Amino acid sequence: MTALLTFATAILLGIWTEFDGAEAGDANSQPVPNQKRDPNNTETDTRDSGQSQKLVTNSIGMKLTLIPAGEFMMGSKESPEELRNAFKDYADPCLWVDHFGDQYPRHRVRITKPFYLGTHHVTVGQFRKFVEDTAYKTDAEQSYGVGVAIGPGGEEFTAGRQFNWRNTGFAQTDEHPVVNVSWNDATEFCRWLSRKEGKTYRLPTEAQWEYACRAGTTTRFYNGEDPEKLAQVGNVLDATCKARFPHLEDSAIHGVDGYVFTSPVGRFRPNAFGLYDMHGNAAQWCSDWYGAKYYEASPADDPSGPNSAKSRVCRGSSWGAVGPS
Ligand SMILES: [Ca+2]
């Protein structure tokens, strides 16, 4: 069985597309032979509502949740036009582009094998262990990242060489999701952990991600249809953020999640599989190449995305957005 990680990404979606696929290949292309089991690994069986669920804690303290095989309807049950109309009152930049067409048409997908998925985003503290062990330099440290700086009119979002996973311009503890990491950085983290434990860690496919996020639900969000209720289950562009950045007023929901920027992982109600922050906080890299029309041609069994493209798939939205993504 393969262990997969959800991985927090750059704080603005798509910012790292210029690096996608430039160096690193698919982590699946380099299977790691079995090695002696790490004695720090522990496995725990728990019972929840009569169903058996296996949780695993790995050698760096990451919890992974066993996701069962199954099938589901992937994508939006609403057409792009219906979604655009439903979200027309939000000026979220993520909704300005033709954002909804790639979630359509809805189609049946089978996940044929169970898998482990990271219960939380990869944290700053966990990523630091990788960097300290390998002296790895992230793409942002070799180019530029995105963060929050003091501009002429107050705080503003901007890009610069000073921003990277260590410095985002706002406070991050070891319990916050690591951000300002590219798809390449995420893949290298998985390779390091695979070597370290003798198991195969990789990013989830987009189909695995959505199957895990939905956890049996068919609504826009796993807590229903209403974006105004997102603050119950995740850290999104909410009234807290709007109070700090008044120019985002037209983009934010009225609900209050209590966080302007990222939040420590696991602070909101999990979904039915026991996964946290699948909506909001930090967006998450998937292994797939991105194809706007891929859903029209997706195979039913374990789809893994187009053969090649210019960018990778990122799911889960973030603390700076409200739309279904
Ligand atoms: Ca928030």
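On a predicted model such as this, the values are computed, not experimentally measured, just so you know.

Draft legend 1. The overall build of the protein chain, seen in detail. Assigned secondary structure in the protein chain consists of seven helices and 13 strands. For the protein chain, buried positions account for 44% of its 325 residues. Here the analysis covers contacts within the protein chain between residues at least 6 apart in sequence; of these, 72% occur between residues at least 24 apart.

Draft legend 2. Main features of helix H4 (residues 183-197). When the terminal C-alpha atoms of H4 are compared, their 21 Å separation across 15 residues agrees well with the 21 Å that a helix rising 1.5 Å per residue should span. Burial analysis of H4 places twelve of its 15 residues in the buried class, which makes it a mostly covered element. For H4, every residue scored as buried is listed here: Trp183, Asn184, Asp185, Ala186, Thr187, Glu188, Phe189, Cys190, Arg191, Leu193, Ser194 and Glu197. Phi turns positive, to about 70°, at Gly198, one or two residues after H4.

Draft legend 3. Fine view of helix H5 (residues 206-214). Counting buried residues along H5, eight of its nine residues qualify, which places the element largely inside the surrounding structure. Downstream of H5 by a residue or two, Ala215 has a phi angle that is positive, lying close to 50°.

Draft legend 4. Structural context of the pairing of strand S13 (residues 312-315). Residue alternation in S13 divides its side chains into two sets, Arg312 and Cys314 and Val313 and Arg315, and both sets are buried. Strand direction decides the pairing type here: strand S12 (residues 284-289) and S13, joined by three bridges, are antiparallel. Note on S13: the bridge partner recorded for Gln284 is Arg315.

Draft legend 5. Focus on unusual backbone geometry. Here the residue pair Tyr104 and Pro105 is connected by a cis peptide bond, since its omega of 0° sits within 30 degrees of zero. Positive phi, close to 60°, is recorded for Asp277, a residue that is not glycine. Mapped onto the elements of the fold, Asp277 is located in the loop between helix H6 (239-244) and S12. Located in the positive-phi region is Asp302, a residue other than glycine, with phi close to 45°. In this structure, Asp302 sits in the loop between helix H7 (294-297) and S13. Exposure remark for Asp302: the 14 C-beta atoms within 10 Å place this residue in the partly exposed category.

Draft legend 6. Representation of the environment of Gly274 within the structure. When you line up the elements, Gly274 lands in the loop between H6 and S12. Its 17 C-beta neighbours within 10 Å are what place Gly274 among the partly exposed residues. The spatial distance from the C-alpha of Gly274 to the C-alpha of Leu64 is 9.9 Å, given a sequence separation of 210 residues.

Draft legend 7. Seen up close, the nonpolar core. Counting 59 residues, the largest nonpolar core has Ala212, Val236 and Leu237 as its most contacted members. Listing elements by their share of this core, those giving two or more residues are strand S5 (63-67), strand S7 (107-111), strand S8 (115-118), helix H2 (124-134), H4, H5, S12 and S13. The residues touching Val236, leaving out its near neighbours within four places in the chain, are Leu230, Ala231, Ile253, Asp257, His279, Gly280, Ser317, Trp319, Ala321 and Val322.

What counts and what doesn't
- Residues numbered from 1 in each chain as written.
- Predicted model: local features only at pLDDT ≥ 70, side-chain atom pairs only at ≥ 80, totals over all residues.
- Helix = DSSP H or I, 4+ residues; strand = E, 2+ residues; numbered from the N terminus.
- Buried ≥ 20, exposed ≤ 12 C-beta atoms within 10 Å, placed from the backbone.
- Contact = placed C-beta atoms within 7 Å.
- Expected span 1.5 Å × (residues − 1).
- Pairing = 2+ DSSP bridges.
- Core = buried A, V, L, I, M, F, W, Y, C linked by C-beta atoms within 7 Å.

In short, the description is geometric, and any link to function would need to be established separately.
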